[in-house]
Amino acid sequence: MKAIVINRHGGPEVLESARLPIPEAQPGEVLLRVAAAAVNPADCKWRAGMFQAFMPVSFPHVLGYDVAAEVVGGDGFAPGIRVFGMLDPIRKGGYAEYVAAPAEFLAEIPGTLDFATAAAIATAGLTGLQMVERGVNVQPGQSVLITGALGAVGRFALHFAKERGAYVVCAVRAAHRDAVMALGADMVLTLGEGPLGGAPFDHVIDTVGGEAVGRLCVDLKPGGRIVTAATTPIPADGLPASPEFFAVTPSSGDLQRLGQAVVSGAIEVPVAQIMPLDQVAEAHRLVEQGGQGGKIILAP
Ligand SMILES: NC(=O)c1ccc[n+]([C@@H]2O[C@H](COP(=O)([O-])OP(=O)(O)OC[C@H]3O[C@@H](n4cnc5c(N)ncnc54)[C@H](OP(=O)(O)O)[C@@H]3O)[C@@H](O)[C@H]2O)c1
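Parameters and conventions
Residues numbered from 1 in each chain as written. Predicted model: local features only at pLDDT ≥ 70, side-chain atom pairs only at ≥ 80, totals over all residues. Heavy atoms only, no water. Domains from an automatic or database assignment. Contact = heavy atoms within 4.5 Å. Buried area = accessible area lost by both parts, 1.4 Å probe. Salt bridge = Lys/Arg side-chain N within 4 Å of Asp/Glu carboxyl O. Polar contact = N/O pair within 3.5 Å; in protein donor to acceptor, adjacent residues only side chain to side chain. Helix = DSSP H or I, 4+ residues; strand = E, 2+ residues; numbered from the N terminus. Buried < 20%, exposed > 50% of the residue type's maximum accessible area, 1.4 Å probe, protein only. Pairing = 2+ DSSP bridges. Right-handed = clockwise from strand over helix to strand, strands pointing away. Core = buried A, V, L, I, M, F, W, Y, C linked by side-chain atoms within 4.5 Å. 1 Å grid on protein atoms, 1.4 Å probe; cavity = no way out; pocket = protein on both sides within 12 Å on 5 of 7 lines; lining within 4 Å. Points joined across faces, edges and corners; volume = space filled by probe spheres on them. Axes fitted to C-alpha atoms, helices over the stretch in contact; angles between N-to-C directions. Expected span 1.5 Å × (residues − 1). Bend = angle between axes of the 7 residues up to and from the residue.

Trainee: Can you tell me about the domain arrangement of the protein chain, naming the residues and giving the values?
Mentor: Split by domain assignment, the protein chain resolves into domain 1 (2-108 + 270-299) and domain 2 (125-245). Each partner contributes residues to the interface: domain 1 has 6 residues there, and domain 2 has 4 residues. With both sides pooled, the region where domain 1 packs onto domain 2 buries about 350 Å², and carbon together with sulfur makes up 71% of that total. When the buried surface of domain 1 facing domain 2 is broken down by residue, Lys45, Met86 and Pro270 rank first, second and third, together holding 64% of it. Our enumeration of links across domain 1 and domain 2 arrives at 0 salt bridges. Taken together, the links from domain 1 to domain 2 amount to 1 residue pair in polar contact (both at pLDDT 80 or more).

Trainee: I'd like to hear about the side chain of Thr147, residue by residue, with values.
Mentor: Within the secondary structure, Thr147 sits in strand 8 (residues 143-147). Assessed through its relative accessible area of 0%, Thr147 is described here as buried. Apart from residues lying up to four places away in sequence, Thr147 is in contact with Ala171, Ile205, Asp206, Thr207, Val208 and Val213.

Trainee: Describe the pairing of strand 10 (residues 187-190), with residues and values.
Mentor: Pairing of strand 9 (residues 167-172) with strand 10 involves 4 bridges; the strand directions are parallel. In the sheet register, Val172 faces strand 10, and the bridge partner there is Thr190. Viewed along the sheet, the connection from strand 9 through helix 4 (residues 177-182) into strand 10 turns out right-handed.

Trainee: Outline the nonpolar core, listing residues and values.
Mentor: Residues Leu32, Tyr95, Ile146, Phe156, Val180, Ile205 and Leu298 are the most contacted members of the largest nonpolar core, which totals 92 residues. Residues lining this core come from more than one domain, with at least three contributed by each of domain 1 (2-108 + 270-299) and domain 2 (125-245). Each residue touching Ile146, except ones within four places of it in the same chain, is listed here: Gly154, Ala157, Leu158, Ala161, Val168, Val169, Cys170, Ala171 and Ile205.

Trainee: Give a detailed account of unusual backbone geometry, specifying residues and quantitative values.
Mentor: For the peptide bond that leads from Phe59 to Pro60, omega is -5 degrees, which places it in the cis range. Tracing the sequence through the fold places Pro60 in the loop between helix 1 (41-48) and strand 4 (66-74). Even without glycine at this site, Lys92 takes up a positive phi of about 55 degrees. Locating Lys92 in the fold gives a position in the loop between strand 5 (82-86) and strand 6 (98-102).

Trainee: Which residues make up the environment of Lys92, and what values do they have?
Mentor: For Lys92, a relative accessible area of 3% translates into the label buried. Separated by 25 residues in sequence, Lys92 and Thr117 place their C-alpha atoms 19 Å apart. With residues up to four places along the chain from it excluded, the contact list for Lys92 reads Trp46, Val57, His61, Val62, Leu63, Gly64, Tyr65, Leu87 and Val99. In this structure the side chain of Lys92 is engaged in a polar contact, spanning 3.0 Å, whose partner is the backbone oxygen of Ile90.

Trainee: How would you summarise the layout of surface pockets if you had to cite specific residues and measurements?
Mentor: Considering only enclosed or pocket space, the second largest pocket measures out at about 190 Å³ in volume. Residue lining of the second largest pocket: Met1, Leu20, Pro21, Pro23, Val62, Arg91, Lys92, Gly93, Tyr98, Val99 and Ala100, and that is the complete set.

Trainee: Kindly report on the sheet that holds strand 8, identifying the contributing residues and their values.
Mentor: The pairing of strands in a sheet comes from backbone hydrogen bonds and takes either a parallel or an antiparallel form. Strand order in this open sheet of 6 strands is 10-9-8-11-12-13, and the pairing throughout is parallel. Because the sheet does not close on itself, it has two edges, and the strands there are strand 10 and strand 13 (244-245). Bridge analysis of strand 8 against strand 9 gives 5 bridges, and the strand direction is parallel. If you follow Leu145 over to strand 9, its bridge partner there is Val169. The sheet strands contacting helix 2 (residues 115-135) are strand 11 (201-206) and strand 12 (220-228), and the helix crosses strand 12 at an angle near 145 degrees.

Trainee: Which residues make up helix 2, and what are the values?
Mentor: For helix 2, built from 21 residues, the straight-helix expectation of 30 Å at 1.5 Å per residue is met to within 8% by its first-to-last C-alpha distance of 29 Å. By the largest-angle criterion, Ala122 marks the main kink of helix 2, which is about 40 degrees. Between the side-chain oxygen at the start of helix 2 and the backbone nitrogen of Ala116 there is a gap of 3.3 Å, and the oxygen is on Asp114. Positioned one or two residues after helix 2, Asn137 has a phi angle of 50 degrees, which is positive.

Here it is in structure tokens:
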């Protein structure tokens, strides 16, 4: 099969096309014919070697967490069923024509939802949902700060925090203010403009990291939590609570809820571009540049 591999860490130029054997599904797994693979910011970080010191990968390594695919065979789903999901974060394998994955990491694509949108949901949706529900366990009436709320993770966090009855303050780029209000934010701040100096937050859900987020976190109530998915740390000095890193986990049940929320129209998942697998290096450049306004999807 055709796959995109890395044989070393580095810039987008280390992504190479290769021929690999079609993987075999192990017990509890399904073999998938990949129709769409989303490019996540983490793919670029794995490619660059950011996690090499504590989670080394062996080469050749096939990147890609998020897939939407048709089941070829195996356990858990009948052949021909359309599924989507987040693959094992260490094993990955999504940038390929076929991948084998545990059935418990996948869910059926609801209704007529297209493959590209389904692929765009998985990691971002799971992270946003899980940060709200498991990370800080948002309660009705609480005030929650969400940073980067127009991004892939942030927009899911905003949706599920509102669903729980929270008052949601979004900290975004100046250019994103109107769009995030249209998504249901109760209040919007421009990230980098300094502390709010107003009503404190019960919790912070961060997808950006860095000092500008830290300056907003000083307005956290005692006992509140700062949960971050970002790899840029929030400086902890002088904050009412230490920032806690949140790691997403694959979940079929959560995916089913996410799929329903998207197919019902409750959450919009923008797809910026669908590109052939061969254009993966350009896809990585675009994701690293930011500002794409939606997911970049690879079509094998
Ligand atoms: N720990 C985990 O399990 C986990 C899971 C998923 C994602 N993540 C991480 O979470 C982060 C967000 O992921 P994502 O998929 O949501 O990325 P994304 O779609 O690029 O969203 C990030 C959002 O933050 C905005 N942003 C970036 N820097 C900013 C700044 N300095 N000031 C204001 N806004 C800023 C971006 O705006 P522009 O588009 O204009 O740049 C975008 O709206 C990434 O670091 C990713 O690796 C971690």
